[in-house]
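In case you want the letters, here they are:
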Amino acid sequence: MRADPIQRAIDEDLVRVLYAQDPIAFFTHWFSIAVLVAIYWNNIPHPHLFAACFIFYGFANCASLALWMCNRRWPEAVSPRTWINLHAARGALLYAAPGLAIWFAFQSPHTDLPILHTVMLVTLAAGVFMSNGFDVANFVTAIPFLLLPAIVLHFGTHTFDRTILAIVLAFFFCAINVYALSYRKLFQRVVQARVDQQALAESLAAQKLVAEEASLAKTRFFAAASHDLRQPLHAIGLLAASLNDSSATPVQHAKTASNIANNVEALNQLFNQVLDLARLESGVTQVIRLHFRLSELFDRVGSQYWPQAAAKGLALRIAPTDAVIHDDPVLLERILSNLLSNAVRYTEAGAIWMGYRRAGQREGGYIEVRDSGIGIPKAEQERIFEEFYQVANPRRDARQGHGLGLPTVKRLVEMLGGKLQLRSTPGRGSVFRFPVRAGDPLRIVAGLNDSTVSGAAALGRHVLCIDDEPAILEGIESLLGRWGCVVRGVPDEPHALQAIDEGFMPDAVLCDYQLANHRTGAQALGAVREALRGRGRERVVTLLITGDMASVELEALALQGIPVLHKPVTPARLRRTLEMLWQQPGAVADAPGERAQRVTAQQPATTRG
Ligand code: ADP
């Protein structure tokens, strides 16, 4: 049996073709009845039986027309296959009468009656072949009734010419079956081609629609992006020009300079948002899952937004939870920051609520951020996830954001393997919710906020830094030195290998992506890992720092789970990433003095941005 849609399409076409012939068949059968009765009229054998047979033939013909009318009037009443089977059953009734009636011819003394009746039957068989040959059920319920009794009765006469006639009829019977078989195959191929063509046309139309929508979205994106980028640049240009005004007082100059600084900051924020989004799109952002207490993350994010909420007179409620989850705390923090920032921005009165709902012991649960703000109309609930789309900021006032928060949140949630859900009623508020995975309390390596408070994880760590830019190397060395790390800065791969040869065993290797002599950071890290392996250090934390956005190699590194940080890297970001990587047991030997205490059951890092 074929795949369902094709078979259904074939059945639907069959129903159309089979029933289309029925009104013509109705008149043909009345004509056949008239001809047969005329042939037998002078000497009707077994008159009662003959009358019964031909009345039955007439009724079957009328029933066939009634079936046709039902199909026209209620085509959906039954499935196409049932219509085909009903038509086949009607065929059996309709063709049984004339087919079996040849027996009367052999009861008659007129020797030419069997011949005349046979001619009539062959004519009907040709008609069946033309109109019902496409379907096996309709064919086999008609042709044997029409031809087999005639063949058997002609053979039964044992005369030479009738035997020849029976053989010819048998040959005709076989030939008509073979032709009907290829007829059916042809019909199926034609229908299949039509269905394929229709599917192709539909898929092309759908692709065209997607392409048109993408092109529209791109146009909107560029219009909004260029506006939002140009606006602060334009302001900076004007303000910078006014600095040349010799008549301005020092106070006015100071004010202008501060305005310039504000606009630069706005531009910087916008660039960071766009770059963040581009990084998510390019697939180089990595996910590092840790087991941690959700309450720590809630406290951390909540404390950032509590002052803003309080300034607007809003209550920021964080539901207490003892849940341990297994997810990426950095990405979750970005998600929650965006959602809380929106909740505060779009709520004028009432409260904001952030909490966790358990979905079951094993599956984890959902984090929800609710507000009692302005809400989002149904018609806008899909579009707000498009880049630069804002519901009510037609003048694109930068103070009301840029419309990049929710697209970023949506992609982050998807990266973590979930789906962002939104419920919102205009005037009553909104609920954003997304799933998180259940964690294991026994696998918590360190509190989320421990490292930033005590800095213990970095203290005494040996870090090897590879960068061919002396200024950057110097900056990183001094930064890591302040965190209590023992740092060795080298300009390239040979110097790095030399440092290892001299006995410097790093807990982490930081490497710039683009090195001198056409070497990449990935190659340098490979060589360093190899050298360390030769000295018995199997695993070491490695971190690439790059300004590139989306190279194939970076994507491959992300897939291999090699963490990549994108420039500009803030000290806090570098620190948190290193701390987290050091928390991944097995990634490197533990910090001095802590080695024995660390739990070693954590999963390895997978992917980070
Ligand atoms: P931004 O907030 O910077 O404008 P977002 O992408 O975060 O950009 O949000 C897009 C739009 O969705 C916003 O302009 C706003 O109209 C709507 N929106 C987002 N969050 C909320 C919320 N909590 N309540 C009401 N509207 C919201």
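Definitions and limits used
- Residues numbered from 1 in each chain as written.
- Predicted model: local features only at pLDDT ≥ 70, side-chain atom pairs only at ≥ 80, totals over all residues.
- Heavy atoms only, no water.
- Helix = DSSP H or I, 4+ residues; strand = E, 2+ residues; numbered from the N terminus.
- Buried < 20%, exposed > 50% of the residue type's maximum accessible area, 1.4 Å probe, protein only.
- Contact = heavy atoms within 4.5 Å.
- Areas by Shrake-Rupley, 256 points an atom, 1.4 Å probe, with all protein chains shown as cover.
- UniProt positions renumbered as here; feature names shortened; annotations may be inferred.
- Near = heavy atom within 4 Å.
- Polar contact = N/O pair within 3.5 Å; in protein donor to acceptor, adjacent residues only side chain to side chain.
- Nonpolar A, V, L, I, M, F, W, Y, C, P; charged D, E, K, R; others polar.
- Patch = residues over 30% accessible without salt bridge, like charges linked within 9 Å, V, L, I, M, F, W, Y side chains within 5 Å.
- Salt bridge = Lys/Arg side-chain N within 4 Å of Asp/Glu carboxyl O.
- Pairing = 2+ DSSP bridges.
- Axes fitted to C-alpha atoms, helices over the stretch in contact; angles between N-to-C directions.
- Parallel < 35°, antiparallel > 145°, perpendicular 65-115°, else oblique.
- Left-handed = near helix turned anticlockwise from the far one by under 90°.

Enquirer: What is the right way to read the overall build of the protein from this model?
Expert: For the protein, the count of helices and strands is 19 helices and 12 strands. Taking all 609 residues of the protein together, the buried fraction comes to 44%. Taking the contacts inside the protein whose residues are at least 6 apart along the sequence as the reference set, 73% of them involve residues at least 24 apart. Surface accessibility of the protein: about 31,100 Å² in total, with carbon and sulfur atoms responsible for 61%.

Enquirer: I'm lost on the UniProt feature "modified residue: 4-aspartylphosphate" (unreviewed entry) in the protein in this one. Help?
Expert: What UniProt calls "modified residue: 4-aspartylphosphate" (unreviewed entry) maps, in this numbering, to Asp512. Its location among the elements puts Asp512 in strand β10 (residues 508-512). Once residues lying within four places of it in the same chain are set aside, the contact partners of Asp512 are Ile466, Asp467, Asp468, Gly521, Leu544, Ile545 and Lys567.

Enquirer: Quick question: what am I supposed to make of the site of the ligand here?
Expert: Surrounding the ligand, one finds 21 residues, the nearest of these being Asn342, Arg345, Asp371, Gln390 and Leu406. Val391 is positioned such that a nitrogen or oxygen atom in its backbone is 3.3 Å from an oxygen atom of the ligand. Measuring from an oxygen atom of the ligand, one finds a backbone N or O atom of Leu406 at 2.8 Å. Contact with the protein chains hides 96% of the accessible area of the ligand, taken as 530 Å² for the molecule alone. Tallying contributions element by element places helix α13 (residues 405-415) first for the shell around the ligand, with three residues. Per-class residue counts for the shell around the ligand are 10 nonpolar, nine polar and two charged.

Enquirer: What should I look at first to understand a nonpolar patch on the surface in this one?
Expert: Residues Phe155, Phe160, Ile164, Ile167 and Val168 make up a contiguous nonpolar surface patch of roughly 500 Å² in combined accessible area. Top element by residues in the nonpolar patch is helix α9 (residues 160-242). It accounts for four residues. For Phe155, a relative accessible area of 37% corresponds to the partly exposed category.

Enquirer: Honestly, the sheet that holds β10 in this entry has me stumped. Any pointers?
Expert: The strands that make up a sheet pair up through hydrogen bonds in the backbone, lying either parallel or antiparallel. On the basis of which strands lie adjacent, the open sheet formed by five strands has the order β9-β8-β10-β11-β12 and parallel pairing. Pairing within the sheet leaves two strands with one partner each, and these edge strands are β9 (486-490) and β12 (564-566). When the angles between neighbouring strand axes are averaged without regard to direction, this sheet yields 20°. Relative to β10, strand β8 (residues 462-466) runs parallel, the two being bridged by four bridges. Each residue of the ladder has a partner; that of Cys465, found in β10, is Leu510. Sitting on the sheet, helix α19 (residues 571-583) is in contact with β8, β10, β11 (541-546) and β12, with an inclination near 155° to β11.

Enquirer: How do you make sense of the pairing of strand β6 (residues 421-425) when you look at a structure like this?
Expert: Consecutive residues of a regular strand have side chains that alternate between opposite faces of the sheet. Residue alternation in β6 divides its side chains into a buried set, Leu422 and Ser424, and an unburied set, Gln421, Arg423 and Thr425. As paired elements, β6 and strand β7 (residues 429-436) share five bridges and run antiparallel to each other. What sits directly across from Ser424, in β7, is Ser430. Connecting the antiparallel pair β6 and β7 is a turn made up of three residues, with Gly427 showing a positive phi of about 85°.

Enquirer: I tried to follow the packing of helix α4 (residues 80-100) against helix α8 (residues 143-156) on my own but got confused; where do I start?
Expert: For any two helices packed against each other, the geometry comes down to the angle between their axes and how far apart the axes lie. It is the contact of α4 with α8, at a shortest axis distance of 7 Å, that shows an interaxial angle of 15°. With respect to α8, the axis of α4 lies roughly parallel. Our pair here, α4 against α8, has a crossing hand that is right-handed. Residues Ala92, Tyr95, Ala96, Pro98, Gly99 and Leu100 of α4 form the contact with α8, whose own contacting residues are Phe145, Leu146 and Pro149. Partitioned by chemical class, the residues of the contact of α4 with α8 number eight nonpolar, one polar and no charged.

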